[in-house]
Amino acid sequence: MARTRMEEISLQQLRALAAVAESGSFTLAAEALQLTQPAISHLVKRMESELGQALVVRGRRIQMTSAGQMMVDTAVRALRLIDESVGACRSQSQLREGRVVLAVGHLTAGALLPPLLRRFSENRPGLATTLLDSTAEQMISRVLTQEADLGFGSDIGQTHSELATEPLFTERMGLFMREDHPLAQRVVIDARQLDGLPFIHVNPDANVWRSVSRMLSSTANVYPRVVHHVSMLSTAFGLIQAGAGVALLPRYVEVLMPANLRAVTVTRPALEYQVVAIRLAKHPLSPAAMAFLAMARQHMKPRK
């Protein structure tokens, strides 16, 4: 495809013309741009040739023709925008500025993200983070629509080919109950003892619960009786405190557990909760998002 006349005009030519107009001299313009005076003169002459008319009135003090002044005004505006954009991109790539938006599952958001966000802020003070508390479906949707750069939460399975998942760590699951519950003083609980208990199901759309249910039914012949479906961990804790039931949750949420609750690990089978990072499979991450993911790989883990 043939190039248009506008495509023949280079940024270097625009910079040369703007420098000549500002300084009133080819020599001073050359000094400002760290070029030779013949190079500046050649750039302006070539631009005049491309546009088919004179842009500069040459003499003891250089002046612009009307066409030249129009091009200078345009060049100044365009170069300012280009320089600002280039500067912003470089600042982002050097992690001096930028923003990362995170869609985080409710269990992960309160228990695991706060220390990671603090560390990230201390190490990258120029970068801003936005955390969107999300259900499993919201986390997936927000990453798919690019509302969020990254998602963190339970494993989403293989149902979304547009998404890439990266396992970060696996946590044992425990039975959370009130301290006066008959099982609260156990060290571990055999999965068969879960049969018949009233369960509070947190974030029921998460893929992990389907896996847990299959494992309980196939290995222990247990089919959890769910009496409440909730989205928020705080609601589940409130219901447990009220004596409305028990909940299977990853042990890392113990850091948020009220003092009058207990958590006991479930065995035979051992139930596990995998925490993953999700992103668009074919979409590059911003430098800020890449930096956050790198820190998550290194530091996201249960608190001891």
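Residues numbered from 1 in each chain as written. Predicted model: local features only at pLDDT ≥ 70, side-chain atom pairs only at ≥ 80, totals over all residues. Heavy atoms only, no water.

For the rest of this paragraph, the subject is the overall build of the chain. A tally of helices and strands in the chain yields 11 helices and 12 strands. A compact globule built from 304 residues should have a C-alpha radius of gyration of about 19 Å, whereas the chain, at 31 Å, is more than 25% larger. Principal-axis analysis of the C-alpha atoms places the extent of the chain at approximately 100 × 40 × 25 Å. Looking at the chain as a whole, 45% of its 304 residues qualify as buried. Across the chain, contacts joining residues at least 24 apart in sequence account for 74% of those joining residues at least 6 apart. (Helix = DSSP H or I, 4+ residues; strand = E, 2+ residues; numbered from the N terminus. Rg over C-alpha atoms; globule rule 2.2 N^0.38 Å. Buried < 20%, exposed > 50% of the residue type's maximum accessible area, 1.4 Å probe, protein only. Contact = heavy atoms within 4.5 Å.)

Before going further, it helps to spend a moment on the pattern of salt bridges. Counted by the stated rule, this structure contains 10 salt bridges. Across the pair Arg58 and Glu48 runs a salt bridge, and its minimum N-O distance is 3.1 Å. Placement of Arg58 in the loop between β1 (56-57) and β2 (63-64) and of Glu48 in helix α4 (residues 37-51) is noted, with a sequence separation of 10 residues between them. A salt bridge links Arg262 to Glu179; its shortest N-O distance comes to 3.2 Å. Placement of the pair is Arg262 in strand β11 (residues 261-267) and Glu179 in the loop between β6 (163-178) and β7 (188-190), with a sequence separation of 83 residues. You can call Arg262 partly exposed: its relative accessible area is 32%. (Salt bridge = Lys/Arg side-chain N within 4 Å of Asp/Glu carboxyl O.)

What follows covers empty space enclosed by the protein. Here the structure, examined in full by the defined rule, presents 1 cavity of 30 Å³ or more. In this structure, the largest cavity occupies an estimated 80 Å³ of space. Every residue lining the largest cavity is counted, 13 residues in all, and those nearest its centre are Gly105, His106, Ser154, Asn203 and Tyr273. Among the elements of the structure, α6 (106-111), α8 (136-144) and β5 (150-154) are those that each provide at least two residues to the lining of the largest cavity. It is α6 that provides the largest number of residues to the lining of the largest cavity, a total of 3 residues. Residue classes in the lining of the largest cavity are distributed as 7 nonpolar, 6 polar and no charged. (1 Å grid on protein atoms, 1.4 Å probe; cavity = no way out; pocket = protein on both sides within 12 Å on 5 of 7 lines; lining within 4 Å. Points joined across faces, edges and corners; volume = space filled by probe spheres on them. Nonpolar A, V, L, I, M, F, W, Y, C, P; charged D, E, K, R; others polar.)

Side chains on a regular strand alternate between the two faces of the sheet. Among the 8 residues in strand β3 (residues 98-105), 6 count as buried, and that is most of the element. Pairing of β3 with strand β4 (residues 127-134), which is carried by 8 bridges, proceeds in the parallel orientation. Bridge pairing in β4 places Leu102 opposite Leu131. As judged from the 3 bridges shared by β3 and β5, these two strands associate in the parallel manner. Bridge pairing in β5 places Ala103 opposite Gly151. (Pairing = 2+ DSSP bridges.)

Of all the positions in helix α7 (residues 113-123), only Leu113, Leu116 and Phe120 are classed as buried. Around the axis of α7, the buried residues are gathered within 65 degrees of arc, so they sit on the same side. In the core, the buried residues of α7 are packed alongside β3, α6, β4 and α11 (287-299). (Arc of directions from axis to C-beta.)

Let us now look at the packing of aromatic side chains. Taken as a whole and judged by the stated rule, the model has 6 aromatic pairs. With a centroid separation of 6.2 Å and an interplanar angle of 35 degrees, the aromatic rings of Phe176 and Phe237 are classed as tilted. Residue Phe176 is found in strand β6, and its partner Phe237 is found in helix α10 (residues 233-241); the two are separated by 61 residues along the sequence. Both residues of the pair, Phe176 and Phe237, belong to the buried class. Taken together through their ring pairs, the aromatic side chains of Phe169, Trp209, Tyr252 and Tyr273 make up a single cluster. (Phe/Tyr/Trp six-rings, centres within 6.5 Å; stacked < 30°, edge-to-face > 60°.)

Turning our attention to the nonpolar core. Phe152, Leu175, Leu194, Leu248 and Met300 are the most contacted members of the largest nonpolar core, which totals 67 residues. Considering every element that reaches this core, the biggest residue donor is α11, with 7 residues. Within the second largest apolar cluster, 23 residues are counted, among which are Leu14, Ala29, Leu55 and Ala67. (Core = buried A, V, L, I, M, F, W, Y, C linked by side-chain atoms within 4.5 Å.)

Let us look at unusual backbone geometry. Note that the residue after Arg268, namely Pro269, is joined by a cis bond; omega there is 5 degrees. With respect to the helices and strands, Pro269 occurs in the loop between β11 and β12 (272-280). The residue Gln146 is not glycine, and still its phi comes out positive at about 65 degrees. Residue placement: Gln146 occurs in the loop between α8 and β5. Using a relative accessible area of 49% as the deciding quantity, one classes Gln146 as partly exposed. A positive phi is found at Asn221, a non-glycine position, where the angle reads about 55 degrees. With respect to the secondary-structure elements, Asn221 resides in the loop between α9 (207-220) and β9 (225-230).

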